[in-house]
Amino acid sequence: MSVDVRYIVFGGITSILLFGTLYSVAYDTYLDTSHPVLTQLPHHLHATHYFANKSNILNLYFIKRAWGWTSAAFLTLWLTSPPHKRTVHRVFKWGVETTIWLVFTSWFFGPALLERLTAASGGECTVSLQSGAAFTVPYEYCFTRTAISQETHPFLFVGSFAESSAEPSLWGSDDRLTVIPRLRKGHDVSGHVFLLTMSVLFLVDQIRVSLRAKTWSLAHACAVAFNIVLIAIWLFAIATTSVYFHSPFEKFTGYLLGVAGYMVTLLY
């Protein structure tokens, strides 16, 4: 009796996240991304741990474009499948997952659900300065990702920490310097863990269709290889995120959302 590959990969994701998180707690390697001051500073291990630096290649070219890569992998797999395997049902599943990705990370009749959750759990729309000083502004500036400065939004600085500060150098010499407010504090669900978990489970589910075939064309074999390599990259990205970023509970909730996002496709 063959074992469903989805269970194997699900166990792998769970184990990677669990051991990575335990390691991050035991050796103090994770950055609290909800902290309004710490999150503006380089990771405390950035000088000695390559993947603790947010500018690493994995983060810049893969994780930040994760659903684009996942979609490309799925489409190559689907387009090179035999005609009877290129079903509308598979494309519909991809459409459902794409909608979940959009709703949680980009737009849901305004702010994305993850942003709404952060705000509802006590998050504040925070302006953080290079000096380390920080103050809050209305949520709308975070939800719309509006760049603000003393020149463009002087009313935001009236009565603020910035105005009351005795150190003008906190602002620098140019009042036109712009800053984009970010949601800090609250519960910052790990969007990376959410999306990577959902992506891996979705791709493995799609590869399962290919594994049942007796023969593959050369193009389809290449597509399967592409998907397997991408899955390996996503698993490694889950490992680096679990070690270096987010609190344990934020990673756990990201994991739960990712699993739930995939399980929605099992309803159809």
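A short tour of the structure in this document, coming up. (Residues numbered from 1 in each chain as written. Predicted model: local features only at pLDDT ≥ 70, side-chain atom pairs only at ≥ 80, totals over all residues. Heavy atoms only, no water.)

Brief notes about the overall build of the protein chain
Point 1. When helices and strands are tallied, the protein chain shows 10 helices and three strands.
Point 2. N-terminal to C-terminal, the α/β element order of the protein chain is α-α-α-α-α-β-β-α-α-β-α-α-α.
Point 3. For the protein chain, the C-alpha atoms occupy an extent of roughly 75 × 40 × 30 Å along the three principal directions.
Point 4. Taken over 268 residues, the protein chain has a buried fraction of 43%.
Point 5. Long-range pairs, those at least 24 residues apart, make up 74% of the contacts in the protein chain with a sequence separation of at least 6.
Point 6. Once the 18 positive and 15 negative side-chain charges of the protein chain are each reduced to a mean point, those two points are 19 Å apart. (Helix = DSSP H or I, 4+ residues; strand = E, 2+ residues; numbered from the N terminus. Buried < 20%, exposed > 50% of the residue type's maximum accessible area, 1.4 Å probe, protein only. Contact = heavy atoms within 4.5 Å. Lys, Arg positive; Asp, Glu negative; His and termini not counted. Charge placed at Lys NZ, Arg CZ, Asp CG, Glu CD.)

Observations concerning the sheet that holds strand β2 (residues 134-136)
Point 1. Sheet architecture is open: three strands sit in the order β2-β1-β3, paired in antiparallel fashion. Each edge of the open sheet carries a strand with a single partner, namely β2 and β3 (182-184). Between one strand axis and the next, the sheet turns through 50° on average, direction left out of account.
Point 2. As paired strands, strand β1 (residues 124-128) and β2 are joined by three bridges and run antiparallel to one another. Residue pairing across strands places V127 opposite F135, the latter belonging to β2. (Pairing = 2+ DSSP bridges. Axes fitted to C-alpha atoms, helices over the stretch in contact; angles between N-to-C directions.)

Examining the pattern of salt bridges
Point 1. Counted under the stated rule, the structure contains six salt bridges.
Point 2. Of the charged contacts in the structure, one is a salt bridge between R6 and D205, with a shortest N-O distance of 3.5 Å. Separated by 199 residues along the polypeptide, R6 in helix α1 (residues 5-26) and D205 in helix α8 (residues 191-211) bring together distant segments of the chain.
Point 3. Classification of D205 by relative accessible area gives buried; the value is 3%.
Point 4. Among the ionic pairs, K93 bridges to D205, the shortest N-O distance being 3.5 Å. Here K93, found in helix α4 (residues 88-105), pairs with D205, found in helix α8; they are 112 residues apart in sequence, far enough to count as distant. With respect to class, K93 is no different from D205; both count as buried.
Point 5. Through salt bridges with shared partners, a single ionic network connects D4, R6, K93, D205 and R208. (Salt bridge = Lys/Arg side-chain N within 4 Å of Asp/Glu carboxyl O.)

Considering α1
Point 1. Over its 22 residues, α1 runs 31 Å from end to end, which matches the ideal 32 Å to within 8%, given 1.5 Å per residue.
Point 2. Among all positions of α1, only R6, V9, I13, L17, G20, T21 and S24 are buried. The buried side chains of α1 occupy one side of the element, clustering within an arc of 100° when seen end-on. Of the residues in α1, the exposed ones pointing more than 90 degrees away from the buried face are Y7, I8, F19 and A26.
Point 3. Looking at the buried side of α1, the elements it contacts are α8, α9 (218-244) and α10 (248-263).
Point 4. Once α1 ends, the next one or two residues include D28, with phi positive near 50°. (Expected span 1.5 Å × (residues − 1). Arc of directions from axis to C-beta.)

Looking at the packing of helix α3 (residues 66-79) against α4
Point 1. Where α3 contacts α4, the axes come no closer than 11 Å and their chain directions differ by 175°. Considered as vectors, α3 and α4 are oriented roughly antiparallel to each other. Taking contact as the criterion, the partners of W67, S71, F74, L77 and W78 in α3 are, on α4, R90, V91, W94, E97, T98 and W101.
Point 2. A per-class count over the contact of α3 with α4 returns seven nonpolar, two polar and two charged. (Parallel < 35°, antiparallel > 145°, perpendicular 65-115°, else oblique. Nonpolar A, V, L, I, M, F, W, Y, C, P; charged D, E, K, R; others polar.)

Focus on the environment of Y50
Point 1. Along the polypeptide, Y50 turns up in the loop between α1 and α2 (57-62).
Point 2. Using a relative accessible area of 46% as the deciding quantity, one classes Y50 as partly exposed.
Point 3. In sequence terms Y50 and V229 are 179 residues apart; their C-alpha atoms lie 21 Å from each other.
Point 4. Beyond its immediate sequence surroundings of up to four residues, Y50 is in contact with N56 and I57.
Point 5. Engagement of the side chain of Y50 in a polar contact is seen with the backbone nitrogen of I57, the distance being 3.0 Å. (Polar contact = N/O pair within 3.5 Å; in protein donor to acceptor, adjacent residues only side chain to side chain.)

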